[in-house]
Amino acid sequence: MEVIIMPEEWTIVRTRRSKARSHQRHAHSPSFHPTVSSSTPTAAAASSSSPPSNGLSSSGNGTMEKLVGKQDGEGERRKMEEEEEHKKQLLVKVERSMEKVQHSAFFKKFMEQLQDLELLEILLGTCEQGRTVGETGSCLNGATSSSSTGASPAAPEILDGSSSTDSREHNGKTMGIDLVVFGVGSIADSEVSRCQIALAMLLKQKYESLFNKVLVYDPVLSDLEFRVLTTLGCAPICHDENGSRRVHVPTVFYMPHCEVGLYNNVLLANLEPWSCLSQVLVLGNSFHKYQERWSVFPQPMSPRPDCLLELQKKHVKEYIVDPVNFPLGSAFNDMSWHFFPHHRWYSKTLNPVP
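Residues numbered from 1 in each chain as written. Predicted model: local features only at pLDDT ≥ 70, side-chain atom pairs only at ≥ 80, totals over all residues. Heavy atoms only, no water.

Going by the annotation in an unreviewed UniProt entry, the name recorded for the protein is SRR1-like domain-containing protein, with Sphagnum jensenii given as the source organism.

Examining the pattern of salt bridges
Defined as follows: By definition here, a salt bridge exists when the distance from a side-chain nitrogen of Lys or Arg to a carboxyl oxygen of Asp or Glu is within 4 Å. The numbering of helices and of strands both runs from the N terminus, where a helix is a DSSP run of H or I of at least 4 residues and a strand a run of E of at least 2. Burial status follows relative accessibility: with a 1.4 Å probe on protein chains alone, a residue under 20% of its type maximum counts as buried, one over 50% as exposed, and anything between as partly exposed.
Counting across every chain of the model gives eight salt bridges. Among the salt bridges present, the one from glutamate 81 reaches arginine 77, with a minimum N-O distance of 3.0 Å. Of the two residues, glutamate 81 and arginine 77 are both situated in helix α3 (residues 56–102); the distance of four residues between them amounts to about one turn of the helix. On the basis of relative accessibility, which here comes to 43%, the residue glutamate 81 falls in the partly exposed class. Taking the relative accessible area as the measure of exposure, arginine 77 reaches 42% and is therefore partly exposed. Close ionic contact of arginine 304 with aspartate 306 constitutes a salt bridge, the shortest N to O distance being 2.4 Å.

Digging into unusual backbone geometry
Located in the positive-phi region is asparagine 242, a residue other than glycine, with phi close to 55 degrees. By relative accessible area, which is 45% here, asparagine 242 ends up partly exposed. Of note, the phi angle at aspartate 334 is positive, near 55 degrees, even though the residue is not glycine. Relative to the assigned elements, aspartate 334 resides in the loop between α12 (329–332) and β9 (335–339).

Some details on a negative patch on the surface
For clarity, the threshold we go by: Patches in this entry comprise residues that are over 30% relatively accessible and not in a salt bridge; like charges within 9 Å are linked, as are nonpolar side chains (Val, Leu, Ile, Met, Phe, Trp, Tyr) within 5 Å. Using a 1.4 Å probe, accessible areas were evaluated by the Shrake-Rupley method; residue-level cover was limited to the displayed protein chains. For the purpose of charge, His is not counted, nor are the chain termini; Lys and Arg are scored as positive and Asp and Glu as negative. Every charge is mapped onto a representative atom, which is NZ of Lys, CZ of Arg, CG of Asp or CD of Glu.
A cluster of acidic side chains, namely Asp72, Glu76, Glu82, Glu83, Glu84, Glu85 and Asp223, defines a negative patch on the protein surface. For the negative patch, the element with the most residues is α3, which contributes six residues. Tracing the sequence through the fold places glutamate 76 in helix α3.

Structure below.
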């Protein structure tokens, strides 16, 4: 209640409206237009929640997607460039190792021994010899005579889509040798491994007319290392065979310093028919030394390599490889050539190894 005192006798009484009613009246007034500053939090929230107009927001999203896609493309390109650079660097290292091996006294002695013994020529000749023997079939193309037990296992698949059967075989005559490299280790991390693979590549170069291809596997090899080996002309084996590779053509197994079980598996895989093993030439740790170790120091905690030990007694010809003080002593020490003369496999005194 508001009392206004006027001059003389007049007194006017006027009722005061509440603030709530006053605000309500102004809100319904057509002339009331509330304005909110764009700087206030309420205005910012309203602006952010309002739908896009005139397609400006969608255009912004498209621009952002293009920017993100461009960044991803640049990242992928940089990654590819880095991988290519790493590949080139590793190739240079392998080529330097090849030069080191090639110009060493060890390699000169190694080649002289191989030529004097004519091991590769003997290996090529065993296939034709095996066909003249009637007691069992040849294992060319994996085909055996009716006297053999069971069919030969399928050739392991390799990444290039071919099998271990020689593509240059014609009219039943084998025209070349496969070179299988097991257990060479990491060529990116080890100079010893690079020198060991270098020896395989030099063998392929020196006997280009005899060797069909070089097949490589080691579980520690990375994708980058396999790409480098492919560039050098090798064909990576696509899965771990654990040494159980059945040969269908004359094959050199190059296995520098592998576990004894791996050598044993190679022999077991090619033991029957016996003519198959005559097509195998193993370059690796000395079988004779394995026999000595197991005779003097039995290893009850390790599986006994029965096949290797039994064959070593009478049916293996072994020739020690002279390391000739190679600068990296652990690369080629304690290695020998091992082959299995064909006539021994058809001796009546030879019993199959269980």
